[in-house]
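Structure at a glance
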Amino acid sequence: ETIHPRKSYKMNSSCADILLLAAYKWQISKPSLLTDANDTFDAGSTNKYWIDVQLRWGDFDSHDVERYSRAKFLDYTTDNMSIYPSPTGSLIAIDLAYNL
């Protein structure tokens, strides 16, 4: 996979940081948040899985990192121009927020 040349400073141009390839297929679930308790692994199977880590910076009161990560995941996996290798993966967003 190619790394997007502006990944580090352009938030709408991203690619997977880690790509996992398996000899056997993994069962996958529908997109969910980390705190969702009722995941069912009935969305099929795949042998490709990616992990993308994104850091955010800004005012704590104006951020909702949970909503941001869900929106970015859906943007990246449903966009036809995306360079993600498969629709299965995880987006990990870490909020480096400051409070004024």
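Residues numbered from 1 in each chain as written. Predicted model: local features only at pLDDT ≥ 70, side-chain atom pairs only at ≥ 80, totals over all residues. Heavy atoms only, no water.

**So, the confidence of the model for the protein**
Mean pLDDT for the protein: 77, with 77% of residues reaching 70 or above. Mean pLDDT values for the elements of the protein range from 81 in strand 3 (residues 89-98) up to 89 in strand 1 (residues 18-27). (pLDDT = per-residue confidence, 0-100. Helix = DSSP H or I, 4+ residues; strand = E, 2+ residues; numbered from the N terminus.)

**Topic: the nonpolar core**
With eight residues, the main nonpolar core is built from A16, W50, Y68, F73, Y76, Y84, L91 and A93. The set of elements that each furnish at least two residues to this core consists of helix 1 (65-78) and strand 3. Ranked by the residues each element gives to this core, the list is headed by helix 1, at three residues. (Core = buried A, V, L, I, M, F, W, Y, C linked by side-chain atoms within 4.5 Å. Buried < 20%, exposed > 50% of the residue type's maximum accessible area, 1.4 Å probe, protein only.)

**So, the side chain of T88**
Assignment of secondary structure puts T88 in the loop between helix 1 and strand 3. The class of T88 is buried, set by a relative accessible area of 11%. A polar contact of 2.6 Å, which involves the side chain of T88, links it to the backbone oxygen of K48. (Polar contact = N/O pair within 3.5 Å; in protein donor to acceptor, adjacent residues only side chain to side chain.)

**Observations regarding a nonpolar patch on the surface**
Taken together, the side chains of V53, L55, W57, I92, I94 and L96 define a hydrophobic patch exposed on the protein surface, amounting to about 570 Å² of accessible area. Broken down by secondary-structure element, the contributors of at least two residues to the nonpolar patch are strand 2 (45-59) and strand 3. On the secondary structure map, I94 appears in strand 3. (Patch = residues over 30% accessible without salt bridge, like charges linked within 9 Å, V, L, I, M, F, W, Y side chains within 5 Å. Areas by Shrake-Rupley, 256 points an atom, 1.4 Å probe, with all protein chains shown as cover. Salt bridge = Lys/Arg side-chain N within 4 Å of Asp/Glu carboxyl O.)

**Concerning the packing of aromatic side chains**
The full count for this structure, using the stated rule, is two aromatic pairs. Between W26 and Y49 the ring centres are 6.5 Å apart and the planes differ by 90°, which places this aromatic pair in the edge-to-face class. Remark: Y49 occurs in strand 2 and W26 occurs in strand 1; sequence separation between them is 23 residues. (Phe/Tyr/Trp six-rings, centres within 6.5 Å; stacked < 30°, edge-to-face > 60°.)

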